[in-house]
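Reading the structure
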Amino acid sequence: MTEKIGLMGGTFDPPHVAHLLIAQETLSSLGLDEIWFIPANIPPHKTRNHLTTSEDRLQMTQRAVNSNTKFHVCDIEFDRSGPSYTIDTVKELKRRHPADYYFIIGGDMAEQLHTWKDISTLNTLVTFVVAERPGYYAGKCEIEGIEHIKVPQLDISSTLIRERCRKGENIRYFVPEDVRDWIRERELYGYRPKNST
Ligand SMILES: Nc1ncnc2c1ncn2[C@@H]1O[C@H](COP(=O)(O)OP(=O)(O)OP(=O)(O)O)[C@@H](O)[C@H]1O
Ligand SMILES: O=C(O)c1ccc[n+]([C@@H]2O[C@H](COP(=O)([O-])O)[C@@H](O)[C@H]2O)c1
């Protein structure tokens, strides 16, 4: 039988619990075999100047998924220079590893999906799966054939976590413990917690 693989693309600066939750719920509700987390080398639509290094984001993503045997990290986008367009990633994945692919996105991404590179072709190569996200409405998405999954909405973002780190606020349970350890060890986002919790 053809494998069913979920792709969870992201900047993961840092990866957080909402990423893990929507991936897990997609896996269970669509009966997928695995989820591959794909950190973007150069996220096509992010305008922020200073991303954390690819090595740190890759390491944190690895740590985020390591307790789940069905979650894996795929570093395919680090092999290419220039913006990490999903169409290029998916074409390469299909060449290397034929399977049915499901690309997971949040409601914010769904709203702008029509602007993605070669979206009409990409939409024939993967099934998009959308998880609602507070403040966005995936129903606005104009692309056809999208699956919607029901997941409790979490108003958590990497931006919020970076802000909390900068302010010395606690990020426990916003990210997996192994990710928090890495952020603390490397003092990413200026993280110096005010207390040991
Ligand atoms: N809380 C959330 N609920 C639903 N989807 C989410 C949530 N957070 C992130 N996503 C989705 O996960 C994918 C990767 O997101 P990304 O790595 O950019 O995290 P982010 O929290 O949106 O980051 P930032 O705050 O830096 O923009 C995107 O498809 C995004 O829509
Ligand atoms: O291919 C595109 O045109 C495109 C435009 C915007 C985002 N994406 C992908 O969507 C995923 C989530 O993006 P981001 O910016 O929220 O990390 C990530 O895998 C990006 O490469 C892809």
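Residues numbered from 1 in each chain as written. Chains lettered and ligands numbered in written order. Predicted model: local features only at pLDDT ≥ 70, side-chain atom pairs only at ≥ 80, totals over all residues.

Going by what an unreviewed UniProt entry lists, the chain is known as Probable nicotinate-nucleotide adenylyltransferase and is assigned to Alteribacillus iranensis. The Sequence similarities (unreviewed entry) comment attached to the chain in UniProt states, word for word, "Belongs to the NadD family." Looking at the chain in UniProt, the text filed under Catalytic activity (unreviewed entry) is "nicotinate beta-D-ribonucleotide + ATP + H(+) = deamido-NAD(+) + diphosphate". (UniProt positions renumbered as here; feature names shortened; annotations may be inferred.)

Some thoughts on unusual backbone geometry
In this structure, the amide linkage connecting Asp13 to the following residue, Pro14, adopts the cis form with an omega of 0 degrees. Tracing the backbone through its elements, the reader meets Pro14 in the loop between strand 1 (4-10) and helix 1 (17-30). Non-glycine residue Asp118 carries a positive phi angle of around 50 degrees. Tracing the backbone through its elements, the reader meets Asp118 in the loop between helix 4 (107-111) and helix 5 (119-125). At Glu187, a position not held by glycine, the phi torsion is positive, near 50 degrees. (Helix = DSSP H or I, 4+ residues; strand = E, 2+ residues; numbered from the N terminus.)

Observations concerning the site of ligand 1
Around ligand 1 sit 18 residues, and of these Gly10, Ala18, Gly106, Ser158 and Thr159 come closest. Elements with a contribution of two residues or more to the shell around ligand 1: helix 1, strand 4 (100-106), helix 4 and helix 6 (158-166). The element best represented in the shell around ligand 1 is helix 1, accounting for 3 residues. Looking at the shell around ligand 1 residue by residue, the classes come out as 8 nonpolar, 7 polar and 3 charged. (Near = placed C-beta within 6 Å. Nonpolar A, V, L, I, M, F, W, Y, C, P; charged D, E, K, R; others polar.)

Quick word on the site of ligand 2
Taken together, the neighbourhood of ligand 2 is formed by 16 residues, with Gly9, Thr11, Tyr85, Thr86 and Trp116 sitting nearest. At the level of secondary structure, the elements contributing two or more residues to the shell around ligand 2 comprise strand 1 and helix 3 (86-96). In the shell around ligand 2, the residues fall into 8 nonpolar, 6 polar and 2 charged.

Regarding the nonpolar core
Among the nonpolar cores identified, the biggest contains 46 residues, and Leu7, Phe37, Phe103 and Ile104 are the most heavily contacted of them. Excluding residues within four positions of it along the chain, Ile104 makes contact with Gly6, Leu7, Met8, Ile22, Ala23, Thr26, Val129 and Ala131. (Core = buried A, V, L, I, M, F, W, Y, C linked by C-beta atoms within 7 Å. Buried ≥ 20, exposed ≤ 12 C-beta atoms within 10 Å, placed from the backbone. Contact = placed C-beta atoms within 7 Å.)

Remarks on the packing of helix 2 (residues 54-65) against helix 7 (residues 177-186)
As a packed pair, helix 2 and helix 7 sit with axes 8 Å apart at the nearest point and diverge in direction by 150 degrees. Comparing their axes, helix 7 and helix 2 come out roughly antiparallel. Across the interface between the two elements, Asp56, Gln59, Met60, Arg63 and Ala64 from helix 2 touch Asp178, Val179, Trp182 and Arg186 from helix 7. Class assignment for the residues of the contact of helix 2 with helix 7 results in 4 nonpolar, 1 polar and 4 charged. (Axes fitted to C-alpha atoms, helices over the stretch in contact; angles between N-to-C directions. Parallel < 35°, antiparallel > 145°, perpendicular 65-115°, else oblique.)

As for the pairing of strand 5 (residues 126-131)
Extensive coverage of strand 5 is indicated by the burial of 5 of its 6 residues. The sheet contact formed by strand 4 and strand 5 spans 6 bridges and is parallel. The partner of Phe103 across the bridge, within strand 5, is Phe128. (Pairing = 2+ DSSP bridges.)

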